[in-house]
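# Topology and contacts: notes
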Amino acid sequence: METKAKKDASQKKDDVKATAETKKKDVAESKADMKAAKATESGKDAKSKKEKPGKEFREFFVDKLKDILWAEKALLKALPKMSKAATGKKLAASFDTHKTETEEQISVVEQVFELMGEKPATKKCDAMEGLISETESIISDTEKGSAIRDAGLILAAQKVEHYEIATYGTLAAFADAMQEPKVADLLRSILRDEKKSDKTLTSLALESVNEDASEE
């Protein structure tokens with residue numbers, strides 16, 4: 001028969017073994033929990049990284065909208081000066097028409113901001129600032145009432161048109177990539193106006209302005 005001491009020792013040994021097994025199980029569960037937590041966090045990071053490029057692209061798009069809105073507003077102020085400086089009545093009238101179109105285009109760009117869930121805002125457009133500065137230089141460097149001035153104004157105006165055509169065409173393509181069809185349609189409506197204005201200027205230049213300027 002086992003003595004009481006032996007039984008107590010055996011029981012104590014079993015208790016120690018049970019405690020060790022419990023601790024071992026707790027450690028294993030703790031490691032499993034940490035692994036699961038890391039996996040979850042990793043999943044969140046992966047999702048965040050996956051969403052980040054789309055978010056950054058939209059932010060970039062909105063930034064370029066601010067740029068072109070500033071450009072349109074700056075052009076709106078410059079067009080009356082260009083009309084006043086023009087020698088030919090048709091050229092002056094084309095600038096007046098483009099001023100009206102620019103007012104409408106500003107409204108359309110503001111609609112695009114709203115569709116993107118943003119408030120309309122501007123950011124200085126260095127390109128347009130440079131183009132307008134060049135236009136002012138052409139006016140100051142040419143003689144009033146001359147065909148050469150008109151030729152220079154058409155040159156300056158077409159540089160503006162080509163910049164706007166490139167900008168709106170690219171922004172529309174960006175909108176397509178972001179699956180924003182309404183935004184793309186609005187931007188392409190402006191693009192069509194800019195291309196039409198560019199053709200009008202080309203027609204005026206070829207009709208008489210360039211030839212008259214070459215004879216002065």
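Structure first, text after, so check above.
Note that the structure is a prediction, hence the values are computed from the model and not measured.

### Concerning the pattern of salt bridges
- A complete count under the given rule lists 8 salt bridges for this structure.
- With a closest N to O distance of 2.7 Å, K159 and E134 form a salt bridge. Of the two residues, K159 is situated in helix α4 (residues 147-177) and E134 in helix α3 (residues 126-141); the sequence distance between them amounts to 25 residues.
- The exposure class assigned to E134 is partly exposed, which follows from its relative accessible area of 28%.
- Connected through shared salt-bridge partners, D63, K64 and K123 make up one network.

### Topic: the nonpolar core
- F61, L91, F95, V112, L153 and L187 are the most contacted members of the largest nonpolar core, which totals 48 residues.
- At the level of secondary structure, the elements contributing two or more residues to this core comprise α1 (4-85), α2 (89-115), α3, α4 and α5 (181-214).
- The element contributing the most residues to this core is α1, with 12 residues.

### A closer look at α2
- With 27 residues, α2 ought to run about 39 Å at 1.5 Å a step, and its terminal C-alpha atoms sit 39 Å apart, in line with that.
- At the exit of α2 stands G117, carrying a positive phi of roughly 75°.

### A short note on the side chain of R149
- Take R149: it is sitting in helix α4.
- In terms of polar contacts, R149 uses its side chain to reach the backbone carbonyl oxygen of T142, at 2.9 Å.

### Some remarks on unusual backbone geometry
- Look at Q179: it is not a glycine, yet its phi comes out positive at around 60°.
- Along the chain, Q179 falls in the loop between α4 and α5.
- Taking relative accessible area as the criterion, Q179 reaches 69% and is therefore assigned exposed.

### What about a negative patch on the surface?
- A cluster of acidic residues, E143, E211, D212, E215 and E216, forms a negative patch on the protein surface.
- By the element assignment, D212 lies in helix α5.

### Focus on the environment of G117
- Within the fold, G117 resides in the loop between α2 and α3.
- Relative accessible area serves as the criterion here: at 62%, G117 is assigned to the exposed category.
- Distance in space between the C-alpha atoms of G117 and V62 is 9.9 Å, their sequence separation being 55 residues.

### A few points about the side chain of T102
- Structurally, T102 can be placed in helix α2.
- With a relative accessible area of 0%, T102 lands in the buried category.
- A distance of 2.7 Å separates a polar side-chain atom of T102 from the backbone oxygen of H98.
- Every residue in contact with T102, bar those within four places of it in the chain, is listed here: E72, L75, L76 and L79.

### Things to note about the environment of T100
- On the secondary structure map, T100 appears in helix α2.
- Using a relative accessible area of 41% as the deciding quantity, one classes T100 as partly exposed.
- Note: C-alpha distance between T100 and L76 (24 residues apart in sequence) is 8.6 Å.

How each quantity is defined
Along each chain, residues carry numbers from 1 onward, in the same order as the chain's sequence is written. pLDDT decides what is reported in this predicted model: residues at 70 or higher carry local features, side-chain atom pairs at 80 or more are listed and counted, and totals for whole chains, interfaces and linings draw on all residues regardless. Only heavy atoms go into the side-chain values, all of them from the structure, while hydrogens and water stay out. Any carboxyl oxygen of Asp or Glu within 4 Å of a side-chain nitrogen of Lys or Arg constitutes a salt bridge here. Labels follow the DSSP assignment, with helices taken as runs of H or I lasting at least four residues and strands as runs of E lasting at least two, numbered in each case from the N terminus. A 1.4 Å probe rolled over the protein chains alone gives each residue an accessible area, and that area as a share of the maximum for its type sets the label: buried under 20%, exposed over 50%, partly exposed in between. Here, nonpolar core refers to any group of buried Ala, Val, Leu, Ile, Met, Phe, Trp, Tyr and Cys residues whose side-chain atoms link them within 4.5 Å. Helices are assigned an expected span. That span is 1.5 Å times one less than the residue count. Between N or O atoms, a polar contact is any pair within 3.5 Å; within protein, one atom must be a potential hydrogen donor and the other a potential acceptor, and residues adjacent in sequence are included only when both atoms are from side chains. Patches here: salt-bridge-free residues with over 30% relative accessible area, like charges joined within 9 Å, nonpolar side chains (Val, Leu, Ile, Met, Phe, Trp, Tyr) joined within 5 Å. Residue exposure ignores everything except the shown protein chains as possible cover, and the areas themselves are Shrake-Rupley values with a 1.4 Å probe. Positive: Lys, Arg. Negative: Asp, Glu. His and the chain ends are not part of the count. By convention, the charge on Lys lies at NZ, on Arg at CZ, on Asp at CG and on Glu at CD. Note on definitions: a residue-residue contact is assigned when non-hydrogen atoms from the two residues lie within 4.5 Å.

Interpretation note: all reported values are geometric properties and have no functional meaning in isolation.
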